[in-house]
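# Residue-level structural notes
The chain contents come next:
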Amino acid sequence: MSLVWLALAAIAVWALVRLGRQSERRGRAHWRVTATLFSAVLIAGAVLLAARGSWLGAAILAAAGLWLTVSSRRRPASPRSEAITAAEARSLLGVSADASRQEINAAWKRLMARAHPDQGGTEGLASRLNAARDRLLKP
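Residues numbered from 1 in each chain as written. Predicted model: local features only at pLDDT ≥ 70, side-chain atom pairs only at ≥ 80, totals over all residues. Heavy atoms only, no water.

Let us look at the overall build of the protein chain. Looking only at helices and strands, the protein chain features six helices and zero strands. Going from the N terminus to the C terminus, the protein chain shows its helices and strands as α-α-α-α-α-α. Buried residues in the protein chain amount to 29% of all 139 residues. Contacts in the protein chain between residues far apart in sequence, at least 24 positions, make up 57% of those at least 6 positions apart. For the protein chain, the computed accessible surface area is about 9,400 Å², with 62% contributed by carbon and sulfur atoms. (Helix = DSSP H or I, 4+ residues; strand = E, 2+ residues; numbered from the N terminus. Buried < 20%, exposed > 50% of the residue type's maximum accessible area, 1.4 Å probe, protein only. Contact = heavy atoms within 4.5 Å. Areas by Shrake-Rupley, 256 points an atom, 1.4 Å probe, with all protein chains shown as cover.)

With that settled, the discussion passes to the environment of H116. Within the secondary structure, H116 is located in the loop between α5 (101-115) and α6 (123-137). A relative accessible area of 32% places H116 in the partly exposed class. Sequence separation of H116 and A126 is 10 residues, and the distance between their C-alpha atoms is 5.6 Å.

On to the pattern of salt bridges. Under the criterion given, the structure shown has one salt bridge. With its nearest N and O atoms 3.3 Å apart, the salt bridge here joins D134 to R133. Judged by its relative accessible area of 30%, D134 falls in the partly exposed class. (Salt bridge = Lys/Arg side-chain N within 4 Å of Asp/Glu carboxyl O.)

What follows deals with the nonpolar core. Counting residues in hydrophobic clusters, the biggest one holds 16 residues, and the most contacted among them are L93, V95, I104 and L129. For this core, the secondary structure elements donating two or more residues are α4 (86-93), α5 and α6. Sort the elements by how many residues they give to this core and α5 lands first, with six residues. Those residues in contact with V95 that sit more than four places away from it in its chain are R90, E103, I104, A107 and L136. (Core = buried A, V, L, I, M, F, W, Y, C linked by side-chain atoms within 4.5 Å.)

Following the sequence through the fold, R133 ends up in helix α6. Separated by 3.3 Å, the side chains of R133 and D134 make a polar contact. Those residues in contact with R133 that lie beyond four places of it in its chain are L93, I104, N105 and W108. (Polar contact = N/O pair within 3.5 Å; in protein donor to acceptor, adjacent residues only side chain to side chain.)

The next point concerns the packing of aromatic side chains. For the structure shown, the criterion picks out zero aromatic pairs. Over the ring of W108 we find R133, and its NZ or CZ is 4.1 Å from the ring centre. (Phe/Tyr/Trp six-rings, centres within 6.5 Å; stacked < 30°, edge-to-face > 60°. Lys NZ or Arg CZ within 6 Å of the ring centre and 35° of its normal.)

Another point: α5. Compared with the 21 Å implied by 1.5 Å per residue over 15 residues, the 20 Å span of α5 between its first and last C-alpha is a close match. Among all positions in α5, only I104, A107, W108, L111, M112 and A115 are buried. Axial view of α5: buried residues confined to an arc of 125°, hence all on one face. The exposed set on the far side of α5, more than 90 degrees from its buried face, consists of Q102, K109 and R114. The elements touched by buried residues of α5 are α4 and α6. (Expected span 1.5 Å × (residues − 1). Arc of directions from axis to C-beta.)

Right under this line is the structure:
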């Protein structure tokens, strides 16, 4: 029976590690948290059924838990970089029509400090900021 408790502890540690790595949009992150917890419960149930000798039920629960784990880890395709107009780029960066390169770069750095995915922002917003800066700096 101690082997069962060891397996349950390993699953709990695995779930906590996965929960600590959440960095997606809010809706997707909540789905991942829920899927992680539910898959941990399914796998724990599979371990308990296997310990009691019910191999068919254990295999079904384990397969369902692994499928849920894999499907929750799939990342959606990154948003395509759409063409952005100069007016949209200026509006997004908050600069005037006659802004210099230094003003554009300063506005981009200020916004990117908050919008970068490592700082809690999203990949989509960061890519739009990059596209806006590129649109205004390149002729």
